Amino acid sequence: MSSAREPTPGYPEAVIQWGVQRGETCDDIAAVVYGSPKHAALIQRYNRVACGPGTTLAEGLTLVLPAEVTSIPDAKIRSMRPDVRARPSGGAWSPAAPGMPLLTNSSVNTLDEGRADIEFVDRTRVLLAPNTLVVIYGTASRARVSKTPPAAVELADGEVKAALAALRGQSVEVETSGGGRVSAASRDTVVQRRGERTTVAVFDGKAGVTSGGLSVVVPKDHGTRFVGKSPPARPRPLPPPPEWATADAARIALAPEGLGLLSASWKPAPGAAGYRVEVARDAEFNDLIAREEVKPDIVSFRAEKMPAGAYFLRVRVIDREEYLGVGAVRTFHLVAARAAGGVVPAAQEITANPYGIVELTPSAALELSLDDGPFGPVPERIDLLQRAPRALRLRERGSAAPEAVTSLPVRYTKVGAAIRAAGAATPSGLAIQARVELEGLAGVDVARRVAPRLFAHLPGGVRAVELAGVEGGGALTARIPLPREAVRPGEPLRVRLDVADSRGGVLGTSDAELPAAPAAHAAASRPAPPAAPVLGAYLPLLPMSGVADVLWLAPTPPSVAAVGAAATRSGGGWVAAGQVRASGAVGPLGLDVALRSNPAGDGVGVGSTGWFGARLRALRLGRSELELGPTLRLGVPMADGSPPVRVEPGVALGGAVGRLTWVVDTGARIRLSGDGAGSGDGAAGGDGAGSGAAGGGEPATPAVQGFLLAGATADPVPWLRLHGALDLHLVHRESRADEVLGALSAGAEAGGALFGALSVRVSPWRDAGEGQVTAQVALGFREAPP
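Since the model is a prediction, treat every value here as computed from it, not as a measurement. (Residues numbered from 1 in each chain as written. Predicted model: local features only at pLDDT ≥ 70, side-chain atom pairs only at ≥ 80, totals over all residues. Heavy atoms only, no water.)

J.: Would you take a moment to explain the packing of aromatic side chains for this structure?
T.: Geometrically, a pair of aromatic rings is defined through the distance of the ring centres and the angle of the planes. Inspection of the entire model under this criterion finds four aromatic pairs. The interplanar angle of 90° and the centroid separation of 5.4 Å between the aromatic rings of Tyr11 and Tyr46 together place this pair among those described as edge-to-face. In this pair, Tyr11 is assigned in the segment before strand E1 (15-19) and Tyr46 in the loop between helix H1 (26-34) and strand E2 (62-66), connecting sequence segments 35 residues apart. You'll find Tyr11 and Tyr46 in the same group, each marked buried. Geometrically, the ring pair formed by Trp244 and Trp266 is edge-to-face, given 6.5 Å between the ring centres and 80° between the ring planes. In this pair, Trp244 is assigned in the loop between strand E19 (236-237) and strand E20 (252-256) and Trp266 in the loop between strand E21 (259-265) and strand E22 (272-280), connecting sequence segments 22 residues apart. Ring pairing ties together the aromatic residues Trp244, Trp266 and Tyr275, which thus form one cluster. In this structure, Arg85 packs its charged tip against the face of Trp93, placed 4.3 Å from the ring centre. (Phe/Tyr/Trp six-rings, centres within 6.5 Å; stacked < 30°, edge-to-face > 60°. Helix = DSSP H or I, 4+ residues; strand = E, 2+ residues; numbered from the N terminus. Buried < 20%, exposed > 50% of the residue type's maximum accessible area, 1.4 Å probe, protein only. Lys NZ or Arg CZ within 6 Å of the ring centre and 35° of its normal.)

The following block contains the structure:
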């Protein structure tokens, strides 16, 4: 008979609670709740209590009762392995299935490879080992005649594990065919029956064992046994757990392609007649995967092709009296790692493509760290292109001990690019036809993940083009038109080609030599002088000094326009000034302008000045292997207190060798107006204090000075230029001995047509009021390479 009421959560039917009053019996409660004492058996459905005639219940006990008179199965098969059969009372054997209901006096039999987990309506669980036969007892079968709680099962042969009910800490009752009884207040008590002998081993809580009219209480990690109807033996300690071997496999490992390896070994235990080895998916070992009993000379375990997940390995000693010992437990975690973009995982390391993605199966039990970073949840994806870790570190959640961390090194496969180039004629002139073979990128989305580009170092600058089209074998191609000035009659063209990814990493480089162009074609396509590479820095540092602010410029200035700012610490405070810079060339004639604002801050600075320059490239050998030209710059004060008008004649010398360039400037600076007093380094703001002579009435701006600047640049990648320079100044003032000022500067310029620059200058030998360290930042536009 079923109920129309909605089941109470956690129960198969609607239930109520009843608090036992003094002197109440099961009959009394049944009469009140169900209208008749004949339904007293329902009191025992969810409560392990004695309901014999006149037996009173404990005052204050809270009972869980069916809300109305119903009939439901006493138990069900919660889970099982193959080779399990069941039989209803008076019926025939048939194959069992998960979820099968079990009524009173039903039998369950596990065969050679079978295991079963039986769950009763009060959530008591009994686990059956292979070759075990039990009879299911209903809670109503002895309700009117027994003064003890009814047994859940009767063990005829084999082994059962009694697990405590989830509610109220009651005991699990198991009877044996010979009349013995085990009452286990335990989550792990194993009862074995072999022939007439029954052995009880308690691994949690305690158990009462009754046989032959006598009872003993077996505490945790103890056992007893009895034969037939004889009294149970005095409880004795169970064999201790075996000791794990020190050299053992990692407890956290990868499961390549979803399948991994479990392995462990232990030291031989004294007096062992054998070992029981169990593997389960849960810490309680209720969901068993494997159970084997092995000989004493076997002290290792290995399981291959295990699916990813958490596993629990337990090894128990079986002594010569066949008592089952306390288990040594070890936890393993297999993390599934999927090969994405050329990732090849192994159990203890990852061999990965640097452009690939590691895809992991998240586990709530584990935490992951990249290199020495903080631990956090295991992510589903690790983008190696963005993170590029050297190692993945895994540990169980909350484990802080260093030895609990498993480190999986990441080893990256080699990638590269092979470049072949040839000349090609186009309607507009000559071009370079390049073919690029990418290596080590099988399975990678090249267009999105790599985005390779080809950089050609041509006379006059670097040109970048996209690599387009995928041909057979994964080759990419590009065509680069040659500027007219690059073609010379009768001379082969030497070009360096680089293939770089979206981050600027060079995948491959090649020095190509193209055959000489026909003289007629070269002459017709060369109306203008050959373009030259840019020598020196695009935006060299402009010192915040009225004496040392000489610019390091090449014979041919680059086409650039930029704004920036410089800052230094002088006169006991910080001072900063903005600047506007521009330069360019028309044929051999070059022009430049540099405007510096008034200083701001609480230190000492130099007033606003404008420098206007011109230079004429008088000599160029080859493709800028050597350049030489005179220079002339004019400095004009732009505010009160600025240095007076000055003129700066000089000579610039420079050249290029592969990716390197060098520039040398030398000349003199001459004061044209004023005596220099009140014009030079002064206060950066406020009242302008300190802006007079440098000391003792001596003018701050010298009448004449000589200078020498020398430095070099290097291009490690197409979009980055590094530079460094030394500047020296021989300063002559009328009433004081000549002095030498000097400094070192270095910087970097990065970008394309839009670029940024950062420079630093250190002045060991400096003028009065000049800061020891000056920093400059700038942002500008430059002419795109042809």
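Moving on from the model shown.
J.: Teacher, can you tell me more about the state of the cysteines here?
T.: In protein structure, a disulfide is the covalent linkage between the sulfur atoms of two cysteines. Tallied over the entire structure, the rule returns one disulfide. Here Cys26 connects covalently by a disulfide to Cys51, the sulfurs 1.9 Å from one another. In this structure, the disulfide formed by Cys26 and Cys51 twists by about -60° around the S-S bond and is classed as left-handed. Residue Cys26 is found in helix H1, and its partner Cys51 is found in the loop between H1 and E2; the two are separated by 25 residues along the sequence. Overall, Cys26 belongs to the buried group, its relative accessible area being 2%. (Disulfide = S-S within 2.5 Å.)

J.: Could you clarify how one ought to interpret the sheet that holds strand E41 (residues 493-500) in this entry?
T.: Sheets are built from strands that pair by backbone hydrogen bonding, the pairs being arranged parallel or antiparallel. Taken in spatial order, the four strands of this open sheet run E38-E37-E41-E42, and their pairing is antiparallel. Since the sheet does not close on itself, it has two edges, and those belong to strand E38 (461-466) and strand E42 (506-514), each with one partner. Direction aside, neighbouring strands of the sheet carry axes that sit 20° apart on average. Across five bridges, the pairing between strand E37 (residues 453-458) and E41 is antiparallel. Paired with Leu454 across the two strands is Val499, which belongs to E41. (Pairing = 2+ DSSP bridges. Axes fitted to C-alpha atoms, helices over the stretch in contact; angles between N-to-C directions.)

J.: When you look at the pattern of salt bridges in this model, what are you seeing that I'm missing?
T.: Oppositely charged side chains may form a pair once their charged atoms are brought near each other. All chains considered together, the criterion is met by 45 salt bridges. The partner of Asp287 in a salt bridge is Arg81, and the shortest N-O contact between them spans 3.7 Å. Here Arg81 lies in the loop between strand E3 (75-80) and strand E4 (84-87) and Asp287 lies in the loop between E22 and strand E23 (288-294), a separation of 206 residues in the sequence. The class for Asp287 is partly exposed, based on a relative accessible area of 32%. (Salt bridge = Lys/Arg side-chain N within 4 Å of Asp/Glu carboxyl O.)

J.: Explanation requested: H1 in the structure shown.
T.: Each α-helix turn comprises 3.6 residues. Residues three or four places apart therefore point the same way. Taken residue by residue, H1 has Cys26, Ile29, Ala30 and Tyr34 as its buried positions. Looking straight down H1, one finds that the buried residues subtend no more than 100° of arc, so they occupy a single side. Against E1 and E2 lie the buried residues of H1. Positive backbone phi, at 90°, marks Gly35, one or two positions downstream of H1. (Arc of directions from axis to C-beta. Contact = heavy atoms within 4.5 Å.)

J.: Before we go on, may I ask you to explain a nonpolar patch on the surface in this structure?
T.: On the surface, Leu708, Leu726, Leu728, Leu730, Val740, Leu744 and Trp765 cluster together into a nonpolar patch covering about 640 Å² of accessible area. Those elements giving two or more residues to the nonpolar patch turn out to be strand E55 (720-733) and strand E56 (736-751). Ranked by the residues each element gives to the nonpolar patch, the list is headed by E55, at three residues. (Patch = residues over 30% accessible without salt bridge, like charges linked within 9 Å, V, L, I, M, F, W, Y side chains within 5 Å. Areas by Shrake-Rupley, 256 points an atom, 1.4 Å probe, with all protein chains shown as cover.)

J.: Just to check I follow, could you spell out the environment of Ser211 for this structure?
T.: Structurally, Ser211 can be placed in strand E16 (residues 206-211). Taking the C-alpha atoms as reference points, Ser211 and Val227, 16 residues apart in sequence, are found 8.9 Å from one another. Setting aside anything within four residues of it in sequence, one finds Ser211 in contact with Gly180, Phe226, Gly228, Lys229, Ser230, Pro231 and Pro232. A distance of 2.7 Å separates a polar atom in the side chain of Ser211 from the backbone oxygen of Ser230. (Polar contact = N/O pair within 3.5 Å; in protein donor to acceptor, adjacent residues only side chain to side chain.)

J.: Looking at this model, I keep getting lost on the side chain of Gln192. Mind explaining?
T.: As for its position among the elements, Gln192 is in strand E14 (residues 189-194). For Gln192, a relative accessible area of 8% translates into the label buried. Within the local environment of Gln192, its side chain forms a polar contact with the side chain of Glu159, the two groups lying 2.8 Å apart. The residues touching Gln192, leaving out its near neighbours within four places in the chain, are Leu155, Gly158, Glu159, Arg197, Thr198, Thr199, Arg276 and Glu322.

J.: For this particular structure, what's the right way to read the pairing of strand E50 (residues 626-637)?
T.: A regular strand places its side chains so that they alternate between the two faces of the sheet. In this structure, strand E48 (residues 609-616) lies alongside E50, joined through seven bridges in antiparallel fashion. Within E50, the position partnered with Gly613 by the bridge is Arg633. Note: strand E49 (residues 619-621) against E50, three bridges, orientation antiparallel. Within E50, the residue paired with Leu619 across the bridge is Leu628. As paired strands, E50 and strand E51 (residues 646-657) are joined by nine bridges and run antiparallel to one another. Residue pairing across strands places Glu627 opposite Gly654, the latter belonging to E51.

J.: Would you mind showing me how to read the nonpolar core here?
T.: As a rule of thumb, soluble globular proteins bury nonpolar side chains together. Residues Ile118, Phe120, Leu128, Val134, Ile136, Val153 and Val160 are the most contacted members of the largest nonpolar core, which totals 31 residues. Examining the composition of this core, we find that four residues originate from one element, strand E11 (residues 153-163), more than from any other. Excluding anything up to four places from it in sequence, Ile136 contacts Ala75, Leu102, Leu103, Thr104, Asn105, Ser106, Ile118, Phe120, Ala152 and Val153. Counting 27 residues, the second-largest nonpolar core is a separate cluster that includes Tyr355, Leu385, Ala456 and Leu458. (Core = buried A, V, L, I, M, F, W, Y, C linked by side-chain atoms within 4.5 Å.)

J.: Help me understand a negative patch on the surface, please; the structure alone is not making it clear to me.
T.: On the surface, Asp83, Asp112, Glu113 and Glu292 cluster together into a patch of negative charge. In this fold, Asp112 is placed in the loop between strand E7 (107-110) and strand E8 (116-120). On the basis of relative accessibility, which here comes to 55%, the residue Asp112 falls in the exposed class. (Lys, Arg positive; Asp, Glu negative; His and termini not counted. Charge placed at Lys NZ, Arg CZ, Asp CG, Glu CD.)

J.: How should unusual backbone geometry be read in this particular structure?
T.: Most of the time, phi is negative for any residue but glycine, and the peptide bond is trans. Of note, Asn105 is a non-glycine position whose phi angle comes to about 70°, a positive value. Positionally, Asn105 belongs in the loop between strand E6 (101-102) and E7. Even without glycine at this site, Ala388 takes up a positive phi of about 45°. Take Ala388: it is sitting in the loop between helix H2 (384-387) and strand E33 (391-396).

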